[in-house]
Amino acid sequence: MTAPAIHIWRLLKWGRVLARHGALRGIERDINTPAPVRRLARIARFGARVPKVPTYAEAFQDIGPAAIKFGQALATRPDLIGEEAAHGLRLLQDSLPPAPFEQIRAAIEQALERPIDEVFSEIDPEPIGAASIAQVHRAVTTDGRQVAIKVLRPNIEEDFARALDTYEWAAAQVESMGGEAARLRPRLVVATFRQWTMRELDLRREAASASELREGMEAESGFYVPEIDWTRSARRVMTLEWIDGIKLTDRQALIDAGHDLKALAAILVRAFLRQAVVDGFFHADLHQGNLFALSDGRLAAIDFGIMGRVDRQARIWLGEILYGLITGNYRRVAEIHFEAQYVPPHHNVEEFATALRAVGEPIRGLPVKDISVAKMLDGLFTITRDFDMPTQPHLLLLQKTMVMEEGVATALDPDINMWETSEPFLREWLRSELGPEAAIADELIRNFRALRRLPDLIRRIEAHYPPPGAAPPPPPLPDIVVVQPFRVWRYMLTAVVAAGLGAAAALLLL
């Protein structure tokens, strides 16, 4: 177990880096910041040259790989870190200088337990991408296929373990201070972040996620997921089909190649809705660098380290919330928040509906190109404090992905209306999920499952109430009050004491 002094030392060291970039200014000024946290920030800032304009993204990049990932997660939480910091962290680039190829070669051979020449006939020593957790090299397999090899950085697991240990310790200290800090549930936020990163640090999990997403997206012909080469994949190495396309970061190249940017944006929106709303399993890192336009007009995705899941009931609520905001049915949106227990029951549904209207109506009144899911989410964050809404960690990835996906779509098509693009899809899905046919099907499934459990229930009842033996039933017995031996002596002692007291009172009277 790490000593508290070590955690404090790490926090001060990281705080010093943040201070040099001006990234602690918001924490010190926020009235909701607990006093001990504010004091720690001042200590970390002492003597540092603080710039006038904070550079949040550069600060987290200077701290290291775990901070880069954590900063990307915090970028989705303007309610937690402030709008200015959240906007700054959205510029955070997940890139670091590559590790030497000799270390990468050794890592591949150790992971696959074979000499590298037995599995790959050629590997480009220059990586095509180097992120905080892994780097990717282009290669050719021994059977002549073009592939991409993703390899974890050396010692990355140890680096993340140390950082996560301190994040958890710090979150526990802050949450114990109560008030606004407790409502934001920092321990759950860090625990959710740990789940994300643990998945990314096991490339077998990422390969499985890619495989599952590939199966789920067969219904969307315009969205492509590369195939995994399982024979050349392990915990620290993943090999997948090479994607030959144009990154969405290069808008001019897309135009020069004759791609229909509006069609690509529509494909992205539909693909995300199918993943998040229909399947409940979605790619949670859909930025331009992970998306490629293929020569046939399809959109391909890579990097499946961060994936999100939403259960069916939450998906139905999500679909109703989005559709209610699109159509202006704020009363129903408010009711869903209470049904999902996102809002404590001591608040008023009508008041919450009015607060939602204050968020939704200005957005609905904007021109088509200015309607924004991100603005809607930011507006919802502002009312969480007024209605004591605790953080919902299971929705953090979804909120992050919605903002990211909208940014990519609007970069492709500045005039896209996320509401109009989403509304037909959501309307049809909600009809299939909430219509009379779906209600009857759900009831039949519930009843069938209950009937299937009935024999087991009967067996458990019989085990608890066994049948009588072969002897005849006994005759009825009269009810007799049984006096316990201890109670008899207690009664006798009480009588003796009472008699003694009575005799003493008689002598006093005489």
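Scoring rules and cut-offs
- Residues numbered from 1 in each chain as written.
- Predicted model: local features only at pLDDT ≥ 70, side-chain atom pairs only at ≥ 80, totals over all residues.
- Heavy atoms only, no water.
- Salt bridge = Lys/Arg side-chain N within 4 Å of Asp/Glu carboxyl O.
- Helix = DSSP H or I, 4+ residues; strand = E, 2+ residues; numbered from the N terminus.
- Buried < 20%, exposed > 50% of the residue type's maximum accessible area, 1.4 Å probe, protein only.
- Pairing = 2+ DSSP bridges.
- Axes fitted to C-alpha atoms, helices over the stretch in contact; angles between N-to-C directions.
- Parallel < 35°, antiparallel > 145°, perpendicular 65-115°, else oblique.
- Left-handed = near helix turned anticlockwise from the far one by under 90°.
- Contact = heavy atoms within 4.5 Å.
- Nonpolar A, V, L, I, M, F, W, Y, C, P; charged D, E, K, R; others polar.
- Patch = residues over 30% accessible without salt bridge, like charges linked within 9 Å, V, L, I, M, F, W, Y side chains within 5 Å.
- Areas by Shrake-Rupley, 256 points an atom, 1.4 Å probe, with all protein chains shown as cover.
- Phe/Tyr/Trp six-rings, centres within 6.5 Å; stacked < 30°, edge-to-face > 60°.
- Core = buried A, V, L, I, M, F, W, Y, C linked by side-chain atoms within 4.5 Å.

Tallying each qualifying case throughout the model produces 21 salt bridges. In this structure, arginine 194 and glutamate 168 form a salt bridge, with 2.6 Å as the shortest nitrogen-oxygen distance. Placement of arginine 194 in helix α11 (residues 186-200) and of glutamate 168 in helix α9 (residues 156-175) is noted, with a sequence separation of 26 residues between them. Residue glutamate 168 is classed as partly exposed on the basis of its relative accessible area of 30%. Its salt-bridge partner being aspartate 456, residue arginine 460 comes within 3.1 Å of it at the nearest N-O pair. Residue arginine 460 and its partner aspartate 456 are located together in helix α21 (residues 436-464), separated by four residues, close to a single helical turn. Each of Asp143, Arg145, Asp229 and Arg232 takes part in salt bridges that share partners, so that together they form one network.

Looking at helix α16 (residues 330-339), one finds that the buried residues are Tyr330, Val333, Ala334, Ile336, His337 and Phe338. Remark: glutamine 341 follows α16 within two positions and exhibits a positive phi of approximately 60°.

Below, the discussion takes up the sheet that holds strand β10 (residues 299-301). Reading across the sheet, the four strands line up as β5-β10-β9-β7 and stay open at both edges, with mixed pairing between neighbours. Strands at the two margins of the open sheet, each flanked by one partner only, are β5 (223-224) and β7 (246-247). Across two bridges, the pairing between β5 and β10 is parallel. Residue pairing in the sheet places phenylalanine 223 in a bridge with leucine 299 of β10.

What follows concerns the packing of helix α5 (residues 65-74) against α11. For any two helices packed against each other, one specifies the inter-axial angle together with the distance between the axes. Following both chains from N to C, one finds α5 and α11 inclined at 125°, their axes separated by 11 Å at the closest point. Taken together, the axes of α5 and α11 lie oblique to each other. Of the two elements, α5 crosses α11, and the hand of that crossing is right-handed. The segment α5 lies against α11, with Ala66, Lys69, Phe70 and Ala73 engaging Val190, Phe193, Trp196 and Glu200. Residue classes in the contact of α5 with α11 are distributed as six nonpolar, no polar and two charged.

Residues Leu451, Leu454, Leu457, Ile458, Ile461 and Tyr465 make up a contiguous nonpolar surface patch of roughly 600 Å² in combined accessible area. With respect to the element layout, leucine 454 can be found in helix α21. The class for leucine 454 is partly exposed, based on a relative accessible area of 38%.

Once that is clear, we can look at the packing of aromatic side chains. Across all of its chains, the model carries six aromatic pairs by this definition. Measuring from ring centre to ring centre gives 6.1 Å for phenylalanine 338 and phenylalanine 352, while their planes differ by 80°; the resulting arrangement is edge-to-face. Linking phenylalanine 338 in helix α16 with phenylalanine 352 in helix α17 (residues 349-364), this pair joins segments that are 14 residues apart in sequence. Taking the relative accessible area as the measure of exposure, phenylalanine 338 reaches 17% and is therefore buried. For phenylalanine 352, a relative accessible area of 1% puts it in the buried group. Following the ring pairs from residue to residue traces out a cluster consisting of Trp14, Phe70, Tyr167 and Phe193.

With four of its five residues buried, strand β6 (residues 237-241) lies for the most part within the structure. Two elements, strand β4 (residues 146-152) and β6, share five bridges in a ladder whose sense is antiparallel. Bridging from a neighbouring strand, lysine 150 pairs with methionine 238 of β6.

So, on to the nonpolar core. Core analysis: the biggest nonpolar cluster contains 80 residues, and Tyr167, Phe223, Leu248, Leu291, Phe304 and Leu398 have the highest contact counts within it. Among the elements that make up this core, the one with the highest residue count is helix α14 (residues 261-279) (10 residues). Aside from chain neighbours lying at most four places away, what touches phenylalanine 223 is Met217, Ile267, Ala271, Gln275, Leu291, Leu299 and Ala301.

The two faces of the sheet receive side chains in turn, since in a regular strand these alternate between them. With six of eight residues buried, strand β3 (residues 134-141) is to be regarded as a mostly interior element. Pairing analysis gives three bridges linking strand β1 (residues 120-123) to β3, with the strands arranged antiparallel. Looking across to β3, one finds that glutamate 122 is bridged to valine 140. Between strand β2 (residues 129-130) and β3, which pair antiparallel in sequence order, lie three residues.

With respect to the helices and strands, the residue threonine 327 is situated in helix α15 (residues 312-327). Of the residues examined, threonine 327 reaches a relative accessible area of 39% and is grouped as partly exposed. Threonine 327 sits 33 residues away from glycine 360 along the chain, and the two C-alpha atoms are 9.8 Å apart.

With that settled, consider the packing of α5 against α9. Closest axis-to-axis distance for the α5/α9 pair is 8 Å, and the angle between their directions is 55°. Between α5 and α9, the crossing angle belongs to the class labelled oblique. Facing Pro65, Ala66, Ala67, Lys69 and Phe70 of α5, the residues of α9 in contact are Ile156, Phe160, Ala163 and Tyr167.

Positionally, threonine 197 belongs in helix α11. Threonine 197 gets classed as buried once you look at its relative accessible area, which sits at 1%. With residues up to four places along the chain from it excluded, the contact list for threonine 197 reads Phe160 and Leu164.

Turning our eyes to something else, we now look at the environment of threonine 239. Along the chain, the position of threonine 239 falls in strand β6. A sequence separation of 103 residues divides threonine 239 from valine 136, and the C-alpha atoms of the two residues are 9.5 Å apart. Setting aside residues up to four positions removed in sequence, threonine 239 forms contacts with Phe120, Val147, Ala148, Ile149, Ile228, Asp229, Arg232 and Ser233.

Turning our eyes to something else, we now look at the side chain of glutamate 220. Turning to its location among the elements, glutamate 220 is positioned in the loop between α12 (203-216) and β5. By relative accessible area, glutamate 220 is classed as buried at 9%. Dropping the residues within four chain positions of it, glutamate 220 is found in contact with Arg270, Arg274 and Phe425.

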